[in-house]
Amino acid sequence: MIIQNTNFNIFYPKIPNLRRKVVDYEEKFTTFFLPFKILPIPDDAPEEIPRIMMSTINGHSSLNLSLTGAAFTTNYDEKFNYDWEKCLGYLNDRIIKVYDILDTLKQDRFLFSGLLTQIFINEFTENPVDLIQNKILKLNSKTTPFDVDCKITFVYEKNYYININVSNVRFFEGLIPCGVTTSGTLQEKANTVGITIDINDRYGFNYDKDYTSDYAKIQKILEITTDIINNKLNKLITEGVFDL
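Residues numbered from 1 in each chain as written. Predicted model: local features only at pLDDT ≥ 70, side-chain atom pairs only at ≥ 80, totals over all residues. Heavy atoms only, no water.

Participant: Explain the overall build of the chain here, please?
Facilitator: Helix and strand counts for the chain come out as five helices and nine strands. On the principal axes, the C-alpha backbone points of the chain span a range of 60 × 50 × 35 Å. For the chain, buried positions account for 42% of its 244 residues. A separation threshold of at least 6 residues defines the contact pool for the chain, and within that pool the share at least 24 residues apart is 64%. Surface accessibility of the chain: about 13300 Å² in total, with carbon and sulfur atoms responsible for 49%. (Helix = DSSP H or I, 4+ residues; strand = E, 2+ residues; numbered from the N terminus. Buried < 20%, exposed > 50% of the residue type's maximum accessible area, 1.4 Å probe, protein only. Contact = heavy atoms within 4.5 Å. Areas by Shrake-Rupley, 256 points an atom, 1.4 Å probe, with all protein chains shown as cover.)

Written as structure tokens, this is what we have:
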């Protein structure tokens, strides 16, 4: 199992004076982040466009801040991407810092948050297309699919969406330069199982007008993600069974 990347997002009502507020709290970011960049975005630009960007000291992660949300994206290297516990520790340390700063910056409640985790699993000997077709889709067809891609969504504890996307992912070598019409220059290097786990508490936000997200719900999102990675993924792929 290879943990490729994670993307943590948290959303809040519009902070109209975001740039000035972040400058006032600049030193609070220096534990993990390099000096930030304030982007020359017009005030009337869409609220979701990032106004501030920063990177972590070793360059594995970036944090983008818009008027209505923050996105913390991490690409894991070989020291981390085979060990979810290391990835989790890394996330915990930085998410709490980002949350604490945003809690100071925001003018109102947090709306909802989520964590998207992309994983590749290459331990299976069976062809990934056949595996997903037979165990998850249980597709009965005389024609063999070339690729498969399926998404499953559950609601958990009336607050959380659990989205799991399972597909085969092909890796190639070789490029076809623009304007060249020669065929057959790409070589398939690997075909593996790709999984995207997206856990968020938007269900609560969507259906409860008084809903508020907080750090306890973020921790629950991390807990659900960890349980799926450690205890449920293998059974889903090999048996087509998924129990919450």
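After presenting the structure, the write-up continues.
Participant: Looking at this structure, how should I read unusual backbone geometry?
Facilitator: Phi is mostly negative for residues that are not glycine, and the peptide bonds are mostly trans. If you check the backbone angles, Lys138 has positive phi at about 50° while not being a glycine. Counting through the fold element by element, Lys138 comes out in the loop between α3 (128–137) and β7 (149–156). Despite not being glycine, Glu157 has its phi angle at roughly 55°, a positive value. Turning to its location among the elements, Glu157 is positioned in the loop between β7 and β8 (160–173).

Participant: Is there a simple way to think about the pairing of β8 in this case?
Facilitator: Sheet faces and side chains relate simply in a regular strand, where the side chains alternate between the two faces. Pairing analysis gives eight bridges linking β7 to β8, with the strands arranged antiparallel. Bridging across to β8, Val155 finds its partner in Tyr161. Adjacent in sequence and paired antiparallel, β7 and β8 are bridged by three residues, among which Glu157 carries a positive phi angle near 55°. Bridge count for β8 against strand β9 (residues 187–200) is 13 bridges, and the pairing is antiparallel. Residue pairing in the sheet places Tyr161 in a bridge with Asn200 of β9. (Pairing = 2+ DSSP bridges.)

Participant: Quick question: what am I supposed to make of the pattern of salt bridges here?
Facilitator: Pairs may arise between side chains of opposite charge once their charged atoms sit close together. Taken as a whole, this structure holds 11 salt bridges when the rule is applied. Note that Glu47 is salt-bridged to Lys14, the shortest N-O span being 3.8 Å. One end of the pair, Glu47, is in the loop between β2 (37–38) and β3 (52–55); the other, Lys14, is in the loop between β1 (2–11) and α1 (18–24), and 33 residues separate them in sequence. Put simply, Arg20 and Asp24 hold a salt bridge, and the shortest N to O gap is 3.6 Å. Note that Arg20 and Asp24 are positioned in helix α1 at a spacing of four residues, about one turn of the helix. Beyond isolated ion pairs, a larger network of salt bridges with shared partners links Asp147, Arg170 and Glu188. (Salt bridge = Lys/Arg side-chain N within 4 Å of Asp/Glu carboxyl O.)

Participant: Explain the side chain of Lys21 to me, please; I cannot follow it from the model alone.
Facilitator: Along the polypeptide, Lys21 turns up in helix α1. An unpaired buried charge is present at Lys21: no salt bridge exists, and Asp24, the closest side chain of opposite charge, is 8.4 Å distant. Those residues within four positions of Lys21 in sequence are excluded, and the remaining contacts are Ile15, Leu105 and Gln107. (Lys, Arg positive; Asp, Glu negative; His and termini not counted.)

Purely geometric stuff here, so don't read any function into it on its own.
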